[in-house]
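Here's the letter readout for the chains.
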Amino acid sequence: MNDPMAILKKDHREVNTRLSALAKSNPGPERNQLMQEVDRMLRLHMDIEERVVYPSVERVEGKKPAKEANVEHGLVRAGLDQARQLRRAPGFGAAIEMLAAGVSHHVKEEESEILPALKQGMSKEDWESLGNEIEAAKAAKPARSQARRSTSAAAPTKPASRRTATKPAAKPTKPAAGRGTALKTSRSDTAVAK
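Residues numbered from 1 in each chain as written. Predicted model: local features only at pLDDT ≥ 70, side-chain atom pairs only at ≥ 80, totals over all residues. Heavy atoms only, no water.

> I tried to follow empty space enclosed by the protein on my own but got confused; where do I start?
Empty space among the atoms becomes visible once a probe the size of a water molecule is rolled across them. Evaluated as defined, the whole model comprises 1 cavity of 30 Å³ or more. His12, Val15, Leu42, His45, Met46, Glu49, His73, Val76, Val103, His106 and Val107 together form the lining of the largest cavity. Within the residue set of the lining of the largest cavity, elements represented by two or more residues are α1 (4-24), α2 (29-61), α3 (63-85) and α4 (92-121). Per-element accounting of the lining of the largest cavity gives the leading share, 4 residues, to α2. (1 Å grid on protein atoms, 1.4 Å probe; cavity = no way out; pocket = protein on both sides within 12 Å on 5 of 7 lines; lining within 4 Å. Points joined across faces, edges and corners; volume = space filled by probe spheres on them. Helix = DSSP H or I, 4+ residues; strand = E, 2+ residues; numbered from the N terminus.)

Encoded structure:
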């Protein structure tokens, strides 16, 4: 029998082990390899939960738990993106701690609330069928580029959009300061920089 809770718990433990190793790693090939593994594992796991598990959660438990879990996945994706960007820079340890805390929070809710309620609300046959679907999805493993494309669209807080959003906000602050000379200097600096 493919027990969904056992399958997902096993994934959670494997990710936790890799996150711990990643937190202790030094910049270089080992860190890069661990970062790739964590990224791949988490994105695949989240994709499977979103496609296979959460539709059942929504049917059995309602929209709120499924929506909250999806929001948490968006936060994990943003944390992965940030950690990947910082893997050679100061602040990497903090990024991994924040990612691990988000994953830990999500796992705790999933294992203690969402999955037990889902199991209780499903027939034994449906529960086993869900486990089979999870295993089939894991065996199929979506192409890496396809998984990234689908997850990037689901994460409204991806870093690229934050950079775009902060650029315009920085420009209006100069005129608001009321310093025409400072604004003139910054424009000429910008023109020289171009």
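From this point, the discussion proceeds with the structure in view.
> Looking at this structure, I do not really get the packing of α1 against helix α5 (residues 124-140). What am I missing?
Helix-helix packing is described using two parameters, namely the angle between the two axes and the distance between the axes. Interhelical geometry of α1 versus α5 gives an angle of 35 degrees and a closest axis separation of 8 Å. For the pair formed by α1 and α5, the contact residues are Pro4, Met5, Ile7, Leu8 and Asp11 on the first element and Trp127, Leu130, Gly131, Ile134, Glu135 and Lys138 on the second. For the contact of α1 with α5, the per-class residue count stands at 7 nonpolar, 1 polar and 3 charged. (Axes fitted to C-alpha atoms, helices over the stretch in contact; angles between N-to-C directions. Contact = heavy atoms within 4.5 Å. Nonpolar A, V, L, I, M, F, W, Y, C, P; charged D, E, K, R; others polar.)

> Help me out: how do you make sense of the nonpolar core in this one?
Soluble globular proteins tend to pack their nonpolar side chains together in the buried interior. With 19 residues, the main nonpolar core has Val53, Val57, Leu118, Leu130 and Ile134 as its most contacted residues. Counting only elements with at least two residues in this core, the list comes to α1, α2, α3, α4 and α5. Looking at this core element by element, the count peaks at 6 residues for α2. For Leu118, the residues in contact, after removing those within four places along its chain, are Val53, Ser56, Val57, Val60, Glu61, Trp127 and Leu130. Membership of the second largest hydrophobic core comes to 18 residues, among which are Met41, Leu80, Ile96 and Val103. (Core = buried A, V, L, I, M, F, W, Y, C linked by side-chain atoms within 4.5 Å. Buried < 20%, exposed > 50% of the residue type's maximum accessible area, 1.4 Å probe, protein only.)

> Sorry, what's going on with the pattern of salt bridges here?
Pairing of side chains with opposite charge becomes possible as their charged atoms draw close. Taken as a whole and assessed by the stated rule, the structure comprises 10 salt bridges. The shortest N-O distance in the salt bridge between Asp81 and Arg43 comes to 2.7 Å. Note that Asp81 is positioned in helix α3 and Arg43 in helix α2, a separation of 38 residues in sequence. Like Asp81, the residue Arg43 is buried in the burial classification. Between Arg84 and Asp81 there is a salt bridge, and its shortest N-O distance comes to 2.9 Å. Of this pair, Arg84 and Asp81 both sit in helix α3, 3 residues apart, roughly one helical turn. Given the relative accessible area of 23%, Arg84 is considered partly exposed. Judged by relative accessible area, Asp81 falls into the buried class, the value being 11%. Connected via shared salt-bridge partners are Asp39, Arg43, Asp81 and Arg84. (Salt bridge = Lys/Arg side-chain N within 4 Å of Asp/Glu carboxyl O.)

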